[in-house]
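Read off the chains here:
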Amino acid sequence: MGSRLIKFWNALLALFGLRRKQSELDEEVNFHLEERASELLEQGYDAKIARELALREFGGIEKYKEEAREAWGSRFAINLAIDIRYSFKQYRKSRGYAVTIIATVAVCVSLNTSLFSLINSLRWNPRIYGQEDRIVRIFDEFQSVSSISRQRWGTSFAYYHERKEQSQLIKEIALQSIRTVNASYGSDFPRTEYAGMAQFDPAMFSVLKVYPALGRAFEESDAVRGNDNVVILTHKWWQTRFFGTDDILGKTIRADGRDYRVIGVMPESFSPPPQSENLQYSNFGMIVPFVIPKNPNPRQRLANYWGSYARLKPGVSITQLESELNAIAAQNGPLYPTQYEKEQKRGHRVRVWSLGQDLTRDVGTQLSILQVILLCILVLGGVNIASLVLSQNSKRHHEIGVRLAVGADRSRVAGQLAIEIWILCLVGGFIGLAIALFIVNRLGAWGVLDAFLVRPKVSFDAATLLIAFALCCSIALLSGLGSLVIVLGKLGLNKILKSGGRSGSEGRGYRSYRGAMIFAQIVAAFIVLVSGGLLLKSFSRILEIDPGFDVENVLTAVVRPPDRDFDAEAQRSIMFRLENELKRIPDVESVGITNWPPMKMNSAWEAHLIKEEESLDLEFPVCTMDAVNDTYFEALGLEALSGRLFNDSDYRNSAPVVVIDRIVADLHFPGENPVGKRIAAPLTRETVNSRSELDWLTVIGVVEPIRLNDLYQQPIGMIYRNYSEYPLFWVGLVIKTAGDPYAIVPEAERIVDRLARNVALGRAESLEDAIAKRYSDRQGLLYLSIGIGALALSLCILGIVGIVSYSVGAQVREIGTRIALGADRMGILWHAMNYWVKLSLAALVCGAIFALGFAPIVEGLLYQTSPFDSVSYLAVFIFLCLILSGAIFLSAKKVTRIQPIIALRSE
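Just so we're clear, the structure is a prediction, and the values are computed from it rather than from any experiment.

Chemist: How should the overall build of the chain be read in this particular structure?
Modeler: Check the secondary structure of the chain and you find 31 helices and 22 strands. The 907 residues of the chain split such that 53% are buried. Put simply, 82% of the contacts in the chain that link residues at least 6 apart link residues at least 24 apart. For the chain, the exposed area adds up to about 40,400 Å²; of that, 56% sits on carbon and sulfur atoms.

See the structure below:
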């Protein structure tokens, strides 16, 4: 140990005065050479011959210098300092080479590190809750049900109790629900706003390992009917609504006419688990106890509407828990024969997701695509670096040969060349990290994080920094070192010394290596461009989608009268008065009332359509159902295809009537006019036991179908009921205006406040903006893909131009000789291009094959576009053929224009 410390100390001392020692060493070597040369001159040798003989007798000068440096204390440390200084001399000679490598590494590091930080913050380390790797989401999936919300939503009270009591692998389990309310606060509650409220099982705090930063969490006694009038505020609401006052505990908030006492404030970084996107669009600010029934109704066993989260016991995997929960469901199911039969018909199974899967369930595909695309960018950058290093070091063949001839060790030369690359990669890496830090800090401001149900806490940590930096720099470095192997391994010493720089023909090793680099670039570029092309085609078709209604100058909003303040009749009265008051606003042309405003709620009632002549033993098809007023269709620009729409007489008509859309008419009344037919539309099939229990509705009209929830899914058919005869628990407004729809919002808010105290107008936005939100994530991914595709294409073209230019330039003397002997320039041009054109075509074919393998990942984001779309592949193939052919042609033509005399004189 002591000897190592002494060597280390000597190495440090050796670094001081290094320039002086190096100068002294050079002087000593020159002194001995000159002395021996003088002795040979006295013996009668010519001065030049005497110098050569002295060098030959002296042996390897570099080897002698290495031995001297070893004697100084540490050859490695001294050589490193010398190589660094020598590298900067080389950079001054080739500034463009150094700047290009630094810029390439910086681009690769910044893009990949930013994405890696985002993925790490979402999938592996969200840093929202405590011990996140043990938190899972449990939901009951009904695979044969058409509704996505029934396939993947949550669980029922019955399933929850069974798992809580019987699971041996769950440490803790809890339920939550998300709803919206009319919240008011302050002195005598002067202000009311539309807000989001979470309902938490008291065990949810233990599951998430997150507790109030101020006050206390819920206790089991709080989750009892009558004791559940307590509330915990989010940090944002505490700061914005109550100005962060220390005396917040004990204050009162009114929600839907009920008073809640504040008992706590959550930490600033807290967000509830993303049960639904309603949380994303709502003004979330409150958490109240979730009163869970102890003995749920067995008939509601399949009602999977509640969010269920659990914490695993140590050592338990997600696969093990999923198997156990499915076994519990199979064991308990036969105890409820009627419900169990329905479970089997609907393909029931229990699913368990990790927290990362839950957070990225809507954008996981986008992240995977970006990851592959950016890895392609990394490959392109690495290949370009390899090309640059190879071209730069190929110019130094003679220098390398001389150094080897005078005794320099190959590993010593390779180390010095590697250090040149290392320095550039490190500088580019640090610049890239600085850019990545800026990008990560701006993700929120740019709206990138708005696509996620829960906004992730994206930031750098040590693992992300180390992995991303090491990955990018290592690939860049290995790409450069690969060229060093060619430089030092493929060429022998004699060949190096005899080579005339770039004037000779390049060797087979060089050509194969360059060909491999171009091949990799073209394959990566093809994958990126095909992905971008498919997304562009899909997005263009999304823009062409007809939603089925008029979107121009239409305002949508939500009003939710609390059930405890207004019964069904009172709600209808308020809505009728609200409709009349809103119509009096200047520029308002019509006011529609509905339960589910288009593009607003991401859900709708699901009703089972039963025809009057059908047997109740059948499994009835599912349709969506809405309750609307008579001017709803007018506000959306819908007209009756047959029959009529609702009118004033339907309010007083005792016989209930409905309007259906064309999809329902075509599917259930093919070849006949549905007007006058009678149907029933119960919300749940389980409650239907006899015909006498059904409300029979007469079809009075047919309208065109509309896309209620999004533009991507085909509608399954809509049944419209008259809101005067059907209770409304959620009221949406669709207001057609003559001008800017946002101009009427202030007056509409005042009217709602005047007609219904403690009720607020919520989520007011135009239909155009609501639709834009529905595809904003795809739009952002498209723009990002186009930008990355342009970058990939630029890197590919630059790499090919550089490689082909250098390769053809290496044959300049051969080309000059052939021209001097009378060869046709076009023939020479084709000869120079032939290899690279064939290689490019082979790479394009291989790129198409790789892109086909990548296609299934993209498929989930495409609308009416096949991931194997031949037109897109052919377009990219032809586009790259033209671009690559042009790049190869221009690179080769420049050299073939050289005059023979100049080519023959080139060295």
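Chemist: Can you help me understand the nonpolar core in this one?
Modeler: Residues Phe633, Ile660 and Tyr720 are the most contacted members of the largest nonpolar core, which totals 141 residues. At 15 residues, helix H20 (residues 508-543) tops the list of elements feeding residues into this core. Listed in part, the 25 residues of the second largest apolar core include Ile178, Phe205, Val207 and Phe218.

Chemist: So what exactly am I meant to see when it comes to the pattern of salt bridges here?
Modeler: Side-chain pairs of opposite charge can arise where the charged atoms are in close proximity. A full pass over the atoms with the stated rule returns 21 salt bridges. The partner of Glu581 in a salt bridge is Arg754, and the shortest N-O contact between them spans 3.2 Å. You can see Glu581 sitting in helix H21 (residues 568-583) and its partner Arg754 sitting in helix H25 (residues 745-755), a full 173 residues away along the chain. Of the residues examined, Glu581 reaches a relative accessible area of 24% and is grouped as partly exposed. One salt bridge in this structure joins Arg662 and Asp666, with 3.9 Å as the shortest N-O distance. In this pair, Arg662 and Asp666 are both assigned in helix H24 (residues 662-668), 4 residues apart and thus about one turn of the helix distant. Under the relative-accessibility criterion, Arg662 is labelled partly exposed at 34%. You can call Asp666 partly exposed: its relative accessible area is 47%. Via salt bridges that share partners, Glu141, Glu322, Arg349 and Arg351 belong to a single interconnected network.

Chemist: When you look at the packing of aromatic side chains in this model, what are you seeing that I'm missing?
Modeler: Aromatic rings in a pair are described by how distant their centres are and how their planes are angled relative to each other. Scanning the model with the defined rule gives 14 aromatic pairs in all. Between Phe200 and Phe270 the ring centres are 6.3 Å apart and the planes differ by 80 degrees, which places this aromatic pair in the edge-to-face class. In this pair, Phe200 sits in strand S3 (residues 191-200) while Phe270 sits in the loop between strand S7 (258-265) and helix H11 (278-281), placing the two residues 70 residues apart along the sequence. With a centroid separation of 6.1 Å and an interplanar angle of 45 degrees, the aromatic rings of Phe633 and Phe646 are classed as tilted. On the criterion of sequence distance, the pair formed by Phe633 in helix H22 (residues 632-635) and Phe646 in the loop between strand S16 (640-643) and helix H23 (649-652) is long-range, its members being 13 residues apart. Of the two residues, Phe633 and Phe646, both sit in the buried class. Here the aromatic residues Tyr129, Phe200, Phe205, Phe218 and Phe270 are joined through ring pairs into a cluster of three or more. Above the face of the Phe669 ring, Lys611 is positioned so that its terminal group lies 4.9 Å from the ring centre.

Chemist: Just to check I follow, could you spell out a positive patch on the surface for this structure?
Modeler: A contiguous patch of positive charge, built from Arg85, Lys89, Arg92, Lys93 and Arg95, is present on the exposed surface. Among the structural elements, Lys89 can be located in helix H5 (residues 75-93).

Chemist: Whenever I open this one, helix H13 (residues 337-345) confuses me. Can you help?
Modeler: One turn of an α-helix holds 3.6 residues; hence residues three or four places apart share an orientation. When H13 is considered as a whole, its buried residues turn out to be Gln339, Lys342 and Glu343. The buried residues of H13 occupy one face: seen down the axis, they fall within an arc of 105 degrees. When the buried face of H13 is taken as reference, the exposed residues oriented beyond 90 degrees from it are Pro337 and Lys345. Summarising the contacts, the buried residues of H13 are in contact with helix H8 (157-166) and strand S10 (348-354). Within two residues after H13, Gly347 carries a phi angle of roughly 70 degrees, on the positive side.

Chemist: Even after reading the chapter, I still don't get unusual backbone geometry, so can you show me in this structure?
Modeler: Among all residues save glycine, negative phi is the norm, and among peptide bonds the norm is trans. Its identity is not glycine, yet Asn553 carries a phi of approximately 55 degrees, on the positive side. In this structure, Asn553 sits in the loop between H20 and strand S11 (554-559). The residue Arg763 is not glycine, and still its phi comes out positive at about 50 degrees. Mapped onto the fold, Arg763 is located in strand S22 (residues 761-766). Since its relative accessible area comes to 16%, Arg763 is described here as buried.

Chemist: What am I meant to see in the environment of Pro126 here?
Modeler: Structurally, Pro126 is set in the loop between helix H6 (95-124) and strand S1 (135-142). Sequence separation between Pro126 and Leu355 is 229 residues, and the spatial gap between their C-alpha atoms is 8.6 Å.

Chemist: In this structure, what is going on with the pairing of strand S9 (residues 307-312)? I would like to understand it.
Modeler: Sheet faces and side chains relate simply in a regular strand, where the side chains alternate between the two faces. Along S9, 6 of the 6 residues are buried, which leaves the element largely enclosed by surrounding structure. The side-chain alternation of S9 yields two buried faces, one formed by Gly307, Tyr309 and Arg311 and the other by Ser308, Ala310 and Leu312. Both S1 and S9 contribute to a ladder of 4 bridges, which runs antiparallel. Across the sheet, residue Arg137 finds its bridge partner in S9, namely Tyr309. Alignment of strand S2 (residues 170-185) against S9, held across 6 bridges, turns out to be antiparallel.

Chemist: Any chance you could explain helix H12 (residues 318-332) here in plain terms?
Modeler: For H12, with 15 residues, the first-to-last C-alpha span of 21 Å sits near the 21 Å given by 1.5 Å per residue. Taken as a whole, H12 has its buried residues at Leu321, Glu324, Leu325, Ile328, Ala329 and Asn332. Viewed end-on, H12 has its buried residues packed into an arc of 140 degrees, placing them on one side of the element. Seen from the open side of H12, the exposed residues pointing more than 90 degrees away from its buried face are Thr319 and Gln331. In this fold, the buried residues of H12 make contact with S1, H8, S2, S9 and S10.

Chemist: What is the right way to read the environment of Gly592 from this model?
Modeler: Structurally, Gly592 is set in strand S12 (residues 588-594). Residue Gly592 is classed as buried on the basis of its relative accessible area, which comes to 0%. Non-local contacts of Gly592, meaning those with residues more than four positions away in its chain, are made with Asn629, Thr631, Tyr632, Ala635, Gly732, Leu733 and Val734.

Chemist: So what exactly am I meant to see when it comes to the packing of H8 against H12 here?
Modeler: How two helices sit against one another is set out by the angle between their axes and by the gap between those axes. As a packed pair, H8 and H12 sit with axes 11 Å apart at the nearest point and diverge in direction by 115 degrees. One way to sum up the angle between H8 and H12 is to call them roughly perpendicular. For H8 against H12, the interelement crossing comes out right-handed. Taken together, the residues of H12 that come into contact with H8 (itself represented by Glu162, Arg163 and Gln166) are Glu324, Leu325, Ile328, Gln331 and Asn332.

Chemist: Mind showing me how you'd approach a nonpolar patch on the surface here?
Modeler: There is a patch of nonpolar side chains on the surface, built from Trp422, Leu426 and Phe430 and spanning about 300 Å² of accessible area. Residue classification places Leu426 among the partly exposed positions, given a relative accessible area of 31%.

Chemist: How do you make sense of the pairing of strand S20 (residues 718-722) when you look at a structure like this?
Modeler: A large share of S20 lies buried, amounting to 5 of its 5 residues. Residue alternation in S20 divides its side chains into two sets, Met718, Tyr720 and Asn722 and Ile719 and Arg721, and both sets are buried. By the bridge criterion, 5 bridges tie strand S15 (residues 622-628) to S20 in an arrangement that is parallel. Across the sheet, Met625 pairs through a bridge with Ile719, a residue of S20.

Chemist: Honestly, the environment of Leu437 in this entry has me stumped. Any pointers?
Modeler: Mapped onto the elements of the fold, Leu437 is located in helix H17 (residues 410-442). Given the relative accessible area of 40%, Leu437 is considered partly exposed. A sequence separation of 320 residues divides Leu437 from Ser117, and the C-alpha atoms of the two residues are 9.7 Å apart.

Calculation criteria
Residues numbered from 1 in each chain as written. Predicted model: local features only at pLDDT ≥ 70, side-chain atom pairs only at ≥ 80, totals over all residues. Heavy atoms only, no water. Helix = DSSP H or I, 4+ residues; strand = E, 2+ residues; numbered from the N terminus. Buried < 20%, exposed > 50% of the residue type's maximum accessible area, 1.4 Å probe, protein only. Contact = heavy atoms within 4.5 Å. Areas by Shrake-Rupley, 256 points an atom, 1.4 Å probe, with all protein chains shown as cover. Core = buried A, V, L, I, M, F, W, Y, C linked by side-chain atoms within 4.5 Å. Salt bridge = Lys/Arg side-chain N within 4 Å of Asp/Glu carboxyl O. Phe/Tyr/Trp six-rings, centres within 6.5 Å; stacked < 30°, edge-to-face > 60°. Lys NZ or Arg CZ within 6 Å of the ring centre and 35° of its normal. Patch = residues over 30% accessible without salt bridge, like charges linked within 9 Å, V, L, I, M, F, W, Y side chains within 5 Å. Lys, Arg positive; Asp, Glu negative; His and termini not counted. Charge placed at Lys NZ, Arg CZ, Asp CG, Glu CD. Arc of directions from axis to C-beta. Pairing = 2+ DSSP bridges. Expected span 1.5 Å × (residues − 1). Axes fitted to C-alpha atoms, helices over the stretch in contact; angles between N-to-C directions. Parallel < 35°, antiparallel > 145°, perpendicular 65-115°, else oblique. Left-handed = near helix turned anticlockwise from the far one by under 90°.

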